[in-house]
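Overview (structure and organization)
Here is how the chains run, residue by residue.
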Amino acid sequence: MKHVKTLVAGVALLAGMSTAAQAASTLESVKAAGKLKCGVNSGLAGFAAPNDQGVWAGLDVDLCKAIAAAVLGDANKVEYKPSNAEQRFPLLQSGEVDVLARNTTWSLSRDTQLGFDFRAVNYYDGQGFMVRKDLGITSAKELKGATVCVQEGTTTEKNLGDFDKANNLGTQPVKFKESEQARAAYDEGRCDSYTTDASGLAAERTGLKAPGEHVILPEIISKEPLGPAVRAGDSQWLDIITWVHYAMLVAEEKGITSANVDEVKAKNAEGAEGADAEVQRLLGITDKMGESLGLSRDWAYNVVKQVGNYGESFERNIGKDTPLALERGLNALWTQGGLQYAPPVR
Amino acid sequence: MAEISAGRSRGRRTSIAWWRDERTRGIIWQIVVVAVLCLGVWFIIANMVDNLRRLGIPLGFDFLNAPAGFAISFSIIPTDLNSSIGRVILAGMINTLLASAICIALATILGVIVGICRLSKNYLISRLATAYVETLRNIPLLVQLLFWYVAILQLFPNVRQAINVFDLMFMSNRGVNIPRPIPEEDFGIVLVALAVGIALAIGIASWAHRRQMATGQQFPKGRVGLGLIVGLPLIASLALGNPVSWQVPELTGFNFQGGLVLQPELTALVLGMTAYTASFIAEIVRGGILAVSHGQTEAAYALGLKPGTTLRLVIIPQSLRIIVPPMTSQYLNIVKNTTLAGAIAYPDLFSIVGTSLNQTGRPVENIAIMMVFFLVISILISLFMNWYNRRIALVER
Ligand SMILES: N[C@@H](CCC(=O)N[C@@H](CS)C(=O)NCC(=O)O)C(=O)O
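Residues numbered from 1 in each chain as written. Chains lettered and ligands numbered in written order. Predicted model: local features only at pLDDT ≥ 70, side-chain atom pairs only at ≥ 80, totals over all residues. Heavy atoms only, no water.

Things to note about the overall build of chain A
Helix and strand counts for chain A stand at 14 helices and 14 strands. For 346 residues, the compact-globule formula gives about 20 Å, and the C-alpha radius of gyration of chain A, at 22 Å, lands near that figure. By principal-axis analysis of the C-alpha atoms, chain A measures approximately 75 × 60 × 40 Å. Counting every position in chain A, which comprises 346 residues, the buried fraction comes to 56%. Counting contacts in chain A only where the partners sit at least 6 residues apart, residues at least 24 apart contribute 71% of the total. Split by element, the accessible area of chain A, about 14,200 Å² in all, is 52% carbon and sulfur. (Helix = DSSP H or I, 4+ residues; strand = E, 2+ residues; numbered from the N terminus. Rg over C-alpha atoms; globule rule 2.2 N^0.38 Å. Buried < 20%, exposed > 50% of the residue type's maximum accessible area, 1.4 Å probe, protein only. Contact = heavy atoms within 4.5 Å. Areas by Shrake-Rupley, 256 points an atom, 1.4 Å probe, with all protein chains shown as cover.)

Structure below.
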């Protein structure tokens, strides 16, 4: 009988614990754990991939680091949880990760049906097609009856369907669970074309046998705003994730970089002549913006100091001097004709 | 038994309290275990429903009627971009069953051959069979699938340089394209001839069996039966002037159009899974044959049976009793292993459910559909194999 009592008590405890654990806010549980569990791509050059020293690097990885810097004061307190396209959503739904920064498109159905929230967009993208140069085609509309390699579990699959229907193409998709196999099959000639986000194409092209023999066609057939996703219903956590990205944008706008942030901070000390009030608020010199987010006063300082501003992160991971060689384009600041626009820090 | 022990506990040993009684305690423990199990399952389900509600995720199967909006590369039933999700999932089920059925048939044949070869007195043959088994069963299936897929993609040329066999068959790394038969009006008569041929063959076989039982005379039922099954429809077809036309594949645009195509994904899946499972089946077959006492062979020889006949009529029927039960689990493994097919882009149920799950945002329902499907298929295979096992069980006289 004693065993039975222990058992019943155990079950009750378990039930109690799991409800309690879920009741805690994400911010509290991240602080308690002392590390951020960040869902990233299992390997997409420039966005999230282990570099030659085996250290995670990329635009999405930088966002993970920036969040850790803001919340925990240390950009290295991140536990990366790589996943393929299909596994990523259950990972976030089940609480395996605190935030999903995995080139994930913000769409209405994901925002609602999957039980997620999106707000920040760290890369404005669109879907494109890559073909072999020797096919001699110049437009995606010429892909009539072509075989197209696709990765499963992406928005890509359905966009291809829509584009196909609109242009009456009758393409034959060949769908792979992992992008690695999709790329290899395309490389071997199983498919005439490989389709995914244009940034993804640029990244995947670097992994082909002869990258120079392939071109990315000019058509962009969809809008793919890629941004971090969190579980719905925790607005404080959503605010934090969003404002970490905005802090990186404002820093770029104000010309604050990881190299000069200390200098800027000194120059804008309280009461200093010619100080920029927004910079003062951002870096926690005046006001307590951090505290209203539930963070420390120097949250944004930590982000810029340890990770850098958005432009730095862009150029370091996917910009002109990287193998991906992507233009800022839509991702330029709004002051330079792009879409990257942060609300005021006020 | 029950009455006796109950009587004992109540009668002779009344001094023992009821909670010390083995039987009562046994029952109590079983009730407790079942209750905890139910509680656990209830807790998990309630927790899930609660979590889903909190995240605002609805539950229900209405999404199956919505148009899928994504195409699949291979399907037996016609599907297109406007097909419902339910229909595309059904196509996935059929694809899984198709691949499983082909693999079960081929792996059984290959496994039996390799298993018998391992017991061969010919040194080379038995060593080769051993090497086969030891290599293939020790390499993970996923690795083998990827190997076959890449091998096919690399060995065969691009579509534009497809290997041309008499302008009828074309082989490339997009698949093997063959002409498609298109039945014309009178084709029904050929089918009737085929049915008659099969019926006659069965009739003759049972007649021959009865005659052999009664008189001991043998009849070449196999050859005659085959002749009827092939011959009758052939004669009918010739008489009607071949009521079938052929649609020959042709390279237009990016791909071959028309005709039938065997895609590299299915080929790689069948090759990989057959080769892998056959290595396990070979061991089962070898074990089954070895388990039949050598005295049986000697007795059969003493009666003057030839080695082939001995194997077929004496050894195999007895070893089947040992072979069939473990064979069931190999067949179940084949069905379950088809879920690896998504790695090489074969649209099996698991990979289509993966897409559907992502497009509809209904993980629970999609996974439930898949679980029920695999459960039903597995139970059906088990039931069939158990029935077959009972049928071949040694009848003791
Ligand atoms: N933005 C799209 C596509 C995201 C996606 O998974 N893209 C692929 C191709 S660029 C990828 O990252 N694959 C890498 C991997 O799965 O390892 C979405 O959210 O569905």
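Still more to cover.
Quick notes on the packing of aromatic side chains
Residue and element names in this part refer to chain B. Scanning all chains against the criterion turns up 19 aromatic pairs over all chains. With 5.2 Å between their ring centres and 85 degrees between their planes, W207 and F219 make a pair best called edge-to-face. On the criterion of sequence distance, the pair formed by W207 in helix α6 (residues 187-215) and F219 in the loop between α6 and α7 (221-239) is long-range, its members being twelve residues apart. Judged by its relative accessible area of 30%, F219 falls in the partly exposed class. On the numbers, 5.7 Å between centres and 40 degrees between planes, the contact of F384 with W387 is tilted. Of this pair, F384 and W387 both sit in helix α12 (residues 363-392), separated by three residues, roughly a single helical turn. (Phe/Tyr/Trp six-rings, centres within 6.5 Å; stacked < 30°, edge-to-face > 60°.)

Considerations on the interface of chain A and chain B
If you look at the interface, chain A gives 47 residues, while chain B gives 44 residues. A buried area of about 3,800 Å², summed over both sides, lies between chain A and chain B, and 55% of it is on carbon and sulfur atoms. In terms of surface lost to chain B, no three residues of chain A exceed K158(A), E188(A) and R190(A), which account for 17% of the buried area on that side. The tally of links between chain A and chain B comes to three salt bridges. Our count for the chain A to chain B interface comes out at 13 residue pairs in polar contact (both at pLDDT 80 or more). Ranked by residues supplied to the side of chain A that touches chain B, first place goes to helix α1 (residues 2-23) of chain A with eight residues. Partitioning the side of chain A that touches chain B into residue classes produces 18 nonpolar, 15 polar and 14 charged. (Buried area = accessible area lost by both parts, 1.4 Å probe. Salt bridge = Lys/Arg side-chain N within 4 Å of Asp/Glu carboxyl O. Polar contact = N/O pair within 3.5 Å; in protein donor to acceptor, adjacent residues only side chain to side chain. Nonpolar A, V, L, I, M, F, W, Y, C, P; charged D, E, K, R; others polar.)

Things to note about the sheet that holds strand β1 (residues 163-165) of chain B
Backbone hydrogen bonds are what pair the strands of a sheet, in a parallel or an antiparallel way. Residues and elements named next belong to chain B. Pairing within the open sheet is antiparallel, and its four strands lie in the order β1-β2-β3-β8. At either margin of the open sheet sits one strand with a lone partner, and together these are β1 and β8 (260-262). Here the strands of the sheet are splayed against their neighbours by 15 degrees on average, with no regard to which way each runs. Across three bridges, β1 lies against strand β2 (residues 169-172) in antiparallel orientation. Bridge pairing in β2 links V165 to M169. (Pairing = 2+ DSSP bridges. Axes fitted to C-alpha atoms, helices over the stretch in contact; angles between N-to-C directions.)

A short note on the domain arrangement of chain A
Residue and element names in this part refer to chain A. Domains assigned within chain A are domain 1 (20-124 + 226-336) and domain 2 (127-222). Each of domain 1 and domain 2 was reduced to a C-alpha centroid, and the two centroids are 30 Å apart. With 15 residues of domain 1 at the interface, the matching set in domain 2 holds 14 residues. With both chains or domains summed, domain 1 and domain 2 bury close to 1,100 Å², and 54% of this area falls on carbon and sulfur atoms. Between E86 and K177 there is a salt bridge, with its nearest N and O atoms 3.2 Å apart. (Domains from an automatic or database assignment.)

Examining the state of the cysteines
Residue and element names in this part refer to chain A. This structure, assessed with the given rule, holds two disulfides over all chains. Through a disulfide, C149 is tied to C191; the S-S separation comes to 2.0 Å. Handedness here is read from the sign of the S-S torsion; for C149 and C191, about 75 degrees, the answer is right-handed. Of the two residues, C149 is situated in strand β9 (residues 147-151) and C191 in the loop between α7 (179-188) and β11 (193-197); the sequence distance between them amounts to 42 residues. Of the two residues, C149 and C191, neither departs from the other in class, the shared state being buried. Of note for chain A: the bonded cysteines, numbered N- to C-terminal, pair according to 1-2, 3-4. (Disulfide = S-S within 2.5 Å.)

Observations concerning the sheet that holds strand β12 (residues 214-216) of chain A
Residues and elements named next belong to chain A. With mixed pairing, the five strands of this open sheet are ordered in space as β10-β9-β11-β8-β12. The open sheet terminates on both sides in strands that have one partner only, identified here as β10 (172-176) and β12. The average undirected angle you get between the axes of adjacent strands in this sheet is 30 degrees. Note that β9 and β10 share five bridges and pair parallel. Among the inter-strand pairings, V148 is bridged to a residue of β10, identified as P173. Its contacts with the sheet place helix α6 (residues 155-167) against β8 (127-132), β9, β10 and β11, and it is angled at close to 80 degrees to β8.

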